[in-house]
Amino acid sequence: MCRIIALLLLSGMSWAATAQNYSPKTVGNKWTFRMQEHSFVDEVIKGTLKHKGKEYSRTVRKYSWGSTDTIFSRVDHKGTSYYLDVKSRQETMDIPGELKVGLAWISSDGAWKYMIKSLSETLSTPGNKFENCLVIKAEQVTGRDKEKLQTYYIYYVKDIGYVGSKVEQGLMAYLEKWELK
């Protein structure tokens, strides 16, 4: 009986760590990204936001042109990573706890469809080669966001997090350097 309980606890811990490994939100973690002509820095800061009984960590994104955004995210007990849209106050799954190629979901506002395309791709950037990437395809389904791309691919690496985005023509944004606590 003790062995069964230990196995259940261990399997639960590894399950819950899945999305956390692709979205490490420890205070002080910092990532610097490059785009074609600009850059941005994401940094997890102290303080949380509580919404509908759920607690979200804060990541501040500072763009090279002077704008700043705050991103609110959380990982649930099943290992699923979510982000909270501050305008709509709706939560959308970012990374599922169960990673399976072909798994698809729709954003909470119905505007975007996401699908896991791969668990083992390589993303080559000017300064790095990221292997065994989780790749999620993002595709507009309503055409609402006309200023945004119709389709793009989001790359994540275990224990680092988001490492870049691509379109068919090449890189949109990519990780240049990172500091993880």
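Residues numbered from 1 in each chain as written. Predicted model: local features only at pLDDT ≥ 70, side-chain atom pairs only at ≥ 80, totals over all residues. Heavy atoms only, no water.

S.K.: Can you walk me through the pattern of salt bridges in this structure?
M.R.: Where charged atoms from two side chains of opposite charge come close, those side chains can pair. Enumeration according to the criterion identifies four salt bridges in this entry. Arg34 is paired through a salt bridge with Glu176; the nearest N and O atoms lie 3.4 Å apart. In this pair, Arg34 is assigned in strand β1 (residues 30–35) and Glu176 in strand β12 (residues 170–179), connecting sequence segments 142 residues apart. For the salt bridge of Glu91 with Arg74, the shortest nitrogen-to-oxygen distance reads 2.7 Å. In this pair, Glu91 sits in strand β6 (residues 90–95) while Arg74 sits in strand β4 (residues 68–75), placing the two residues 17 residues apart along the sequence. Since its relative accessible area comes to 14%, Arg74 is described here as buried. Put simply, Lys54, Arg74 and Glu91 are held in one network by salt bridges that share partners. (Salt bridge = Lys/Arg side-chain N within 4 Å of Asp/Glu carboxyl O. Helix = DSSP H or I, 4+ residues; strand = E, 2+ residues; numbered from the N terminus. Buried < 20%, exposed > 50% of the residue type's maximum accessible area, 1.4 Å probe, protein only.)

S.K.: Before we go on, may I ask you to explain the layout of surface pockets in this structure?
M.R.: When its volume is computed, the largest pocket comes out at roughly 1700 Å³. Around the largest pocket, the lining comprises 50 residues; the ones closest to its centre are Arg61, Ile71, Tyr83, Lys148 and Tyr152. Ranked by the residues each element gives to the lining of the largest pocket, the list is headed by β4, at five residues. Split by residue class, the lining of the largest pocket holds 26 nonpolar, twelve polar and twelve charged. (1 Å grid on protein atoms, 1.4 Å probe; cavity = no way out; pocket = protein on both sides within 12 Å on 5 of 7 lines; lining within 4 Å. Points joined across faces, edges and corners; volume = space filled by probe spheres on them. Nonpolar A, V, L, I, M, F, W, Y, C, P; charged D, E, K, R; others polar.)

S.K.: Even after reading the chapter, I still don't get the side chain of Thr32, so can you show me in this structure?
M.R.: Relative to the assigned elements, Thr32 resides in strand β1. Beyond its immediate sequence surroundings of up to four residues, Thr32 is in contact with Phe40, Val41, Tyr174, Leu175, Glu176 and Lys177. (Contact = heavy atoms within 4.5 Å.)

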